[in-house]
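Inside the fold
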Amino acid sequence: MTDPDKLQQLINAASRGKRPHFFEDHDVDRLLAIVWAMAAELAVTRERLDTVERLLAEREVFDRGAIETYRPDASAAKERGQWQIDYISRLLRVLQQDIDAMK
Amino acid sequence: MKPATQLEPAPAWSEAGQHAMSAQASHDDTARFNFLANFNKYMANVVVAGNHIAFEHRAGPRWEQSHGRWPADRREIRAAMSEDPYYRMWSALRRTGMEMRQQAGRSLVLPQAGALRDRAAALNSGRDTLQLQPTPVPRYQSEVDNHCMPGGYFAEYFDGDVSAAANYDAGMFATTTGLFGQFLDGAGRGTANWVQAVRPDWQPKRILDVGCGLGHNTLPLAKAFPDAQIYALDTAAPMLRFGHARAVGFGIQNIIFQQSNVETLPFADGFFDLIYSTMFLHETSHSALRNVLREVRRALADDGLHLHLEQPPYHNMPIFEQFLRDWDCQHNNEPFWSALHDTHLPSLLAELGFSQDEIFETEIHALVEEVMPKVGQEVEDYGRGGKWYACGSGRINDRWSP
């Protein structure tokens, strides 16, 4: 129980019994399970962020309204834009690979 | 069906009752359960209704075209619907949600399994009210893991492990969106209330909870009848260890948690005044169900009372509702679910020799805290709502109505 790899394996273990498939292509079932797990983790992150905002507001570090009216300066805006592009490129890796293969 | 914007969110997981054996949750653990609870709520209130529309307008007509008639029973509806893209998506989401609930519970409890074991051991130490003895896992429990719970009720990753029970306890509040109450004891409280209503002033001396699990629904009977000796029987040691420790934490002393297969009750004839079970019979098998009820008859006192809470039987139920309720059997590892709900329990009780004129059917609602959502104000997520069919026998005040 103290080996982290073993622990993660146990956490993710399947239950005994055949896993049902609902779509003709079973990969769709698998893909949906992954997408929905991501949706859950996004909600988890959103809830954590909400806690951070509320705690900071409670401690009067800032007013929550300041988030909505925050305007990044030119350099911050550029850094953030660059992060978005890197992120999208990471997600769309397979399309990049398709293009490379077609060349 | 309510528009999504008018949905009352599920109670936050942080509103679940804390007790001596509660797992310690991080912010992310809590948020995962919050997501799952609201997902369940949304599925029950918004998404599930689309199945009926898909059936009426798409899957049903399609079936009629190829068969020359409308589907005639739940099996034919299932065959028709299994081709329908809406039903497929609803099913796939529901199944993956059940699996995610298990993963969320396991990622909460397994890293602290050692600490939970130690806590249980300390609470259980030196008490003779926890009686464990090696008991083989019945085949109907070892073939599949009920409701997608990896390792079932029996998983022990080391000596004294209680993680299976801790996971069951932690996740149920999210699965049932608060409808079973903060301490998940709504069925037990409803049962105690019902017994007191049908037999006013009755003081049963010995009470048996058959297939008690971790005792969520045992504690209310122990509180309602503090002078009675309660026996809580189950085959799964982790559930009993955890349940006993949890009861000790509440200061409850009149329950004996005993590891035993209830197909053979280790008690003398006529020993119990009251015998009951909550959501247990559907986790047995054809022969075990009969063995259990035969033993109930033997161990029940002459003027005793017994009843068993389950989801409603399919008898006289519209076939589309049967089809939806039967989903758990095919897709949520509930192998005996269909067979139990097809069984006419009053006839079975009569066949097993219970007195015909004392056999009854009734409905029991979860009794929950003021702040928790109530059955009746909520759309039922089939198979997960806080409302049960109950069947049993014994002399009762027939003025009772739920």
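Refer to the structure printed above.
A few points on the structure. (Residues numbered from 1 in each chain as written. Chains lettered and ligands numbered in written order. Predicted model: local features only at pLDDT ≥ 70, side-chain atom pairs only at ≥ 80, totals over all residues.)

1. Structural notes on the overall build of chain A
Heads up, the condition is: Helix and strand assignments come from DSSP, with helices taken as H or I runs of at least 4 residues and strands as E runs of at least 2, each series counted from the N terminus. Note that the radius of gyration is over C-alpha atoms, with the globule rule given as 2.2 Å times the number of residues to the power 0.38. Counting other C-beta atoms within 10 Å of each residue's C-beta, where C-beta atoms are placed from the backbone, gives the exposure class: buried for 20 or more, exposed for 12 or fewer, partly exposed between.
Counting its regular elements, chain A contains five helices and zero strands. In sequence order, the secondary structure elements of chain A are arranged as α-α-α-α-α. For chain A, whose C-alpha radius of gyration is 21 Å, the value lies well above the compact-globule estimate of 13 Å for 103 residues. Summarising its shape, the C-alpha atoms of chain A cover approximately 55 × 50 × 30 Å along the three principal directions. Expressed as a percentage of the 103 residues in chain A, the buried residues total 4%.

2. Quick word on the pairing of strand β6 (residues 300-310) of chain B
Residues and elements named next belong to chain B. Under the convention used in this document: By definition, two strands form a pair when at least two bridges between them are found by DSSP. A crossover gets the label right-handed when its path from the first strand over the helix to the second runs clockwise, viewed with the strands pointing away from the viewer.
Within β6, eight of the eleven residues are buried, which leaves it mostly tucked inside the rest of the structure. Judged from the six bridges that link them, strand β5 (residues 272-278) and β6 form a sheet pairing that is parallel. When the bridges of β6 are listed, Leu 274 appears paired with Leu 305. Handedness of the β5-helix α11 (residues 286-299)-β6 crossover: right-handed.

3. So, the interface of chain A and chain B
Heads up, the condition is: Contact definition: two residues whose C-beta atoms, as placed from backbone geometry, lie within 7 Å. Basically, the charged four are Asp, Glu, Lys and Arg, the nonpolar ten are Ala, Val, Leu, Ile, Met, Phe, Trp, Tyr, Cys and Pro, and anything else, Gly included, counts as polar.
Contact with chain A, which involves 24 residues of that partner, is made by 31 residues of chain B. Elements with a contribution of two residues or more to the side of chain A that touches chain B: α1 (4-11) and α2 (26-58) of chain A. With eleven residues, α2 of chain A is the largest single contributor of residues to the side of chain A that touches chain B. Taken together, the residues that form the side of chain A that touches chain B break down as 16 nonpolar, four polar and four charged.

4. Some points on the nonpolar core
All names here are of chain B. Applied cut-off: The nonpolar core criterion groups buried Ala, Val, Leu, Ile, Met, Phe, Trp, Tyr and Cys residues into a set whenever they are joined through C-beta atoms within 7 Å. What marks off one domain from the next here is an automatic or database domain assignment.
Ala 166, Phe 242 and Ile 275 are the most contacted members of the largest nonpolar core, which totals 97 residues. Counting residues domain by domain, this core receives three or more from each of domain 1 (4-126 + 143-172) and domain 2 (176-393). Counting residues in hydrophobic clusters, the runner-up holds twelve residues, among them Ala 54, Phe 55, Trp 63 and Met 81.

5. Some remarks on the packing of helix α2 (residues 49-67) of chain B against helix α4 (residues 85-109) of chain B
Residue and element names in this part refer to chain B. This is how the line gets drawn: Angles run from 0 to 180 degrees between N-to-C directions of axes, and those axes are lines fitted to C-alpha atoms, restricted for helices to the stretch in contact. Should an angle fall under 35 degrees it is taken as roughly parallel, and over 145 as roughly antiparallel, whereas 65 to 115 is taken as roughly perpendicular and any remaining angle as oblique. It is the rotation of the near helix from the far one that decides the hand of a crossing: anticlockwise by less than a right angle makes it left-handed, clockwise makes it right-handed.
At a minimum axis separation of 9 Å, α2 and α4 run at an interaxial angle of 155 degrees. Considering their axes alone, α2 and α4 lie roughly antiparallel with respect to each other. Both α2 and α4 take part in a crossing whose hand is left-handed. Together, Gly 50, Asn 51 and Ala 54 of α2 and Tyr 86, Tyr 87 and Trp 90 of α4 make up the contact between the two elements.

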